[in-house]
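Next come the chains, spelled out residue by residue.
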Amino acid sequence: MSNVFSKRTGALLALLLLLGATSYHFWQQNRRKDKGSRIAPDMDFAVRDTNAIHRIFIADRRGRTADLKRQEDHWLYNGRYKARPSAVEVLLQTVCCLNVLYVPPKSAEAHAVKALAAEGIKVELYDHQDRLLKRYYVGDVTADERGTYMIMEGAEQPYVVHIPGFIGQVRVRYLLGDENWRDRMIFTERPEYIQSISVEYPQQRSASFRLEKTAEAQYRVRPLFSTTPVSRSPQRKGAAEAYLLRYERLGAEGFAPADFDKDSITALVPFAVVELTRTDSSRTKVRFWPINTKEDLTTGEVFIIHYLTEVNDGQDYYITQHHVFGPIFRDYLSFFEGRPGMRY
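Q: I tried to follow the overall build of the protein chain on my own but got confused; where do I start?
A: The helix and strand inventory of the protein chain stands at 7 helices and 19 strands. With 344 residues in all, the protein chain has 41% of them scored as buried. In the protein chain, of all internal contacts separated by at least 6 residues, the share reaching a separation of at least 24 is 58%. For the protein chain, the computed accessible surface area is about 20300 Å², with 51% contributed by carbon and sulfur atoms.

Laid out in structure tokens, this is it:
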């Protein structure tokens with residue numbers, strides 16, 4: 001009997017030891033996993049809370065820079081221009097979602113470091129107190145095009161980084177150049193802050209007009225030139241308010257190329273000159289010259305497709321579409337009863 005008891009005791013002890021060893025083994029494995037899941041500083045490229053970012057600085061080896069600073073309702077580009085909102089949104093999505101895909105093999109590591117040093121784009125992220133959050137370099141896409149080489153400032157180990165769910169190279173999201181960053185909007189007006197708008201047609205002066213705010217939510221439309229007879233018809237109800245809404249979002253197709261022959265075109269008489277004055281007395285003056293037209297072969301009528309558009313006496317030049325700006329080219333009498341809502 002005692003031998004049986006001893007055998008059972010020994011078996012139980014062996015089982016307990018086996019269970020203990022197994023538990024310890026799994027505990028150690030989980031402990032290692034926990035340690036491994038912590039991101040090392042030199043591979044922690046992302047800033048998950050983009051609200052904490054108040055400045056983004058991007059520079060390449062050719063001296064091009066993009067310095068973006070958060071303002072109350074927009075981002076300022078290079079201290080002068082309003083940044084294009086869609087470009088800022090893409091960049092914030094990028095810096096938020098960067099993830100290390102893998103460590104490059106030793107055979108590719110030396111080349112990656114050399115390429116980053118020669119052609120890498122430097123990226124700096126700052127908080128609202130101008131404290132540096134991240135500084136890293138963005139290199140080229142990998143041979144398999146699954147990721148992009150990146151390295152943290154001061155680190156020796158490069159990584160292959162990607163954005164989960166995004167196929168393609170990350171580098172193209174760090175834009176450089178005015179044409180990529182500058183906002184192309186010409187008018188982004190809130191109607192209640194518009195004091196007056198004048199639209200002049202130099203080659204058809206009688207169609208020119210001035211719309212002016214006379215009281216809260218009250219507007220008067222009159223001829224721009226004293227030689228134009230004043231309409232005897234009542235002003236159409238809501239016509240002025242509907243016209244002001246056209247100025248909420250009017251943007252260009254793009255900037256006029258640097259080699260565009262602006263001088264020859266602007267020496268000609270413009271099709272239209274629009275001057276908008278706000279309630280704070282600030283003004284925007286815009287002139288339009290047709291540069292691309294299309295003729296209807298049946299009727300012989302010529303339609304304008306594009307304009308060279310000058311803002312504030314040569315401050316900026318854009319290429320704009322008649323399809324976009326056409327609705328603001330109304331004539332004086334179209335604001336009054338008895339006339340259809342004519343436009344050019």
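Q: For this particular structure, what's the right way to read the pattern of salt bridges?
A: Opposite charge on two side chains permits pairing when their charged atoms draw close. Across all of its chains, the model carries 20 salt bridges by this definition. Each of Arg55, Asp67 and Asp130 takes part in a single network of salt bridges with overlapping partners.

Q: Explanation requested: the pairing of strand β9 (residues 159-162) in the structure shown.
A: Every regular strand shows the same layout, with side chains that alternate between the two sheet faces. Neither face of β9 is open: one carries Tyr159 and Val161, the other Val160 and His162, and all of them are buried. Hairpin remark: strand β8 (residues 148-152) followed by β9, antiparallel, with 6 residues in the connecting loop; positive phi at glycine 154, about 85°.

Q: In this structure, what is going on with the sheet that holds β8? I would like to understand it.
A: Within a sheet, adjacent strands bond to each other through the backbone by hydrogen bonds, running parallel or antiparallel. Read from one edge to the other, the open sheet built from 9 strands follows the order β4-β3-β2-β1-β6-β7-β8-β9-β5, with strand pairing classed as antiparallel. With partners counted over all chains shown, the strands left at the sheet margins are β4 (81-82) and β5 (99-102), one partner each. Bridge count for β5 against β9 is 3 bridges, and the pairing is antiparallel. In the strand pairing of β9, tyrosine 102 is matched with valine 160. Each of β1 (55-59), β2 (65-70), β3 (75-77), β5, β6 (121-126), β7 (132-141) and β9 is contacted by helix α2 (residues 85-97), which is oriented at about 90° to β1, the strand it contacts most. Against the sheet, helix α3 (residues 106-119) engages β6, β7 and β8, with an angle of about 75° to β8.

Q: It is not clear to me how the pairing of β7 should be interpreted in this structure. Could you clarify?
A: As judged from the 6 bridges shared by β6 and β7, these two strands associate in the antiparallel manner. Residue isoleucine 121 lies in a different strand from β7, and its bridge partner there is valine 138. Hairpin connection between β6 and β7: a loop of 5 residues separates the two successive antiparallel strands, and aspartate 130 in this loop has a positive phi of roughly 60°. Sheet topology note: the β7/β8 ladder contains 4 bridges and is antiparallel. For tyrosine 137, the partnering residue across the bridge sits in β8 and is isoleucine 151.

The rules behind each value
Residues numbered from 1 in each chain as written. Predicted model: local features only at pLDDT ≥ 70, side-chain atom pairs only at ≥ 80, totals over all residues. Heavy atoms only, no water. Helix = DSSP H or I, 4+ residues; strand = E, 2+ residues; numbered from the N terminus. Buried < 20%, exposed > 50% of the residue type's maximum accessible area, 1.4 Å probe, protein only. Contact = heavy atoms within 4.5 Å. Areas by Shrake-Rupley, 256 points an atom, 1.4 Å probe, with all protein chains shown as cover. Salt bridge = Lys/Arg side-chain N within 4 Å of Asp/Glu carboxyl O. Pairing = 2+ DSSP bridges. Axes fitted to C-alpha atoms, helices over the stretch in contact; angles between N-to-C directions.

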